[in-house]
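# Summary of the model geometry
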Amino acid sequence: MKRVNEYKKLFNVEKGYDLKQLKTSYRNLVKEWHPDKFQESDEKHAEAEMKSKQIIDGYHFLVSIAPETKAANLEEYNKTTSEAGIADFQHKGNLLEISFTDGTTYEYFGVNKPLFVKLVNSDRQFRFAKRNIFNSFLYRKSKKDQELQPA
């Protein structure tokens, strides 16, 4: 959730932002921090390169968790979380990454360690996740999954 809040602050968007507002903010930030705007000898050039990468990453991240994106992909998500089993999962910090047997991977934000331990120790992990994780936490389709999908 820290990452989500940092990006929202960077783009100056609120909880219920829309993609149009995000895109406008993104374009303005890119114009302001584009590395080509600074001479390579200028000390701000390196900062601009770093900031520009952060802006691009933040934009793609916020687009992936935007309500409009989630609504467009809801049918696919519901199919995956109701029909495909859990193939693998990883937990780091408050991020839970679940790979499903249909090949998709989703990231769930804000899943704390005690809940993860309950998932691991559950005799029916899929059922536990369906009741306690799938529709209770902010999620997005993993970048890892998107790289594996054919274009």
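Residues numbered from 1 in each chain as written. Predicted model: local features only at pLDDT ≥ 70, side-chain atom pairs only at ≥ 80, totals over all residues. Heavy atoms only, no water.

## Concerning helix α1 (residues 2-11)
Note on helix geometry: an α-helix contains 3.6 residues per turn, so any two residues three or four positions apart are oriented the same way. Applicable threshold: Burial here depends on accessible area, computed with a 1.4 Å probe over protein chains only, as a share of the maximum for the residue type. Under 20% is buried, over 50% is exposed, and the range in between is partly exposed. Segments assigned H or I by DSSP are reported as helices when at least four residues long, segments assigned E as strands when at least two residues long, and all are numbered from the N terminus. This arc is taken over the directions from the axis of the helix to the C-beta atoms. Two residues form a contact once any of their heavy atoms are found within 4.5 Å.
Taken together, the buried positions of α1 are occupied by Val4, Tyr7, Lys8, Leu10 and Phe11. Taken end-on, α1 shows its buried residues confined to a sector of 160°, consistent with a single buried face. For α1, the exposed residues lying more than 90 degrees away from the buried face are Lys2 and Lys9. Buried residues belonging to α1 abut α2 (19-33), α3 (44-65) and β4 (138-141). Downstream of α1 by a residue or two, Asn12 has a phi angle that is positive, lying close to 55°.

## Focus on the sheet that holds strand β2 (residues 95-100)
In plain terms, the rule: A pair of strands is labelled paired if DSSP reports no fewer than 2 bridges between them. A fitted line through C-alpha atoms represents every axis, and for helices the fit uses only the stretch in contact; the resulting angles, taken between N-to-C directions, go from 0 to 180 degrees.
Across the sheet, four strands lie side by side as β1-β2-β3-β4; this open sheet has antiparallel pairing. Of all the strands in the sheet, the pair left with one neighbour each is β1 (86-92) and β4. On average, adjacent strands in this sheet sit at an angle of 20° to one another, irrespective of strand direction. Across six bridges, the pairing between β1 and β2 is antiparallel. By the bridge assignment, Asp88 is partnered in β2 with Ser99. Its contacts with the sheet put helix α6 (residues 113-121) on β1 and β2, and the angle it makes with β1 is roughly 155°.

## Considerations on the pairing of strand β3 (residues 105-109)
In terms of burial, β3 is a largely internal element, five of the five residues being buried. Side chains of β3 alternate between two faces, with Thr105, Glu107 and Phe109 and Tyr106 and Tyr108 buried alike. Sheet analysis places β2 next to β3, joined by five bridges and oriented antiparallel. Note that in β3 the partner of Leu96 across the bridge is Tyr108. Counting the residues in the hairpin turn of β2 and β3 gives four residues, including Gly103, whose phi is positive at 95°. Pairing of β3 with β4 involves four bridges; the strand directions are antiparallel. Looking at β4, one finds that Glu107 is bridged to Arg140.

Note that all results are geometric; they support no functional claim without further evidence.
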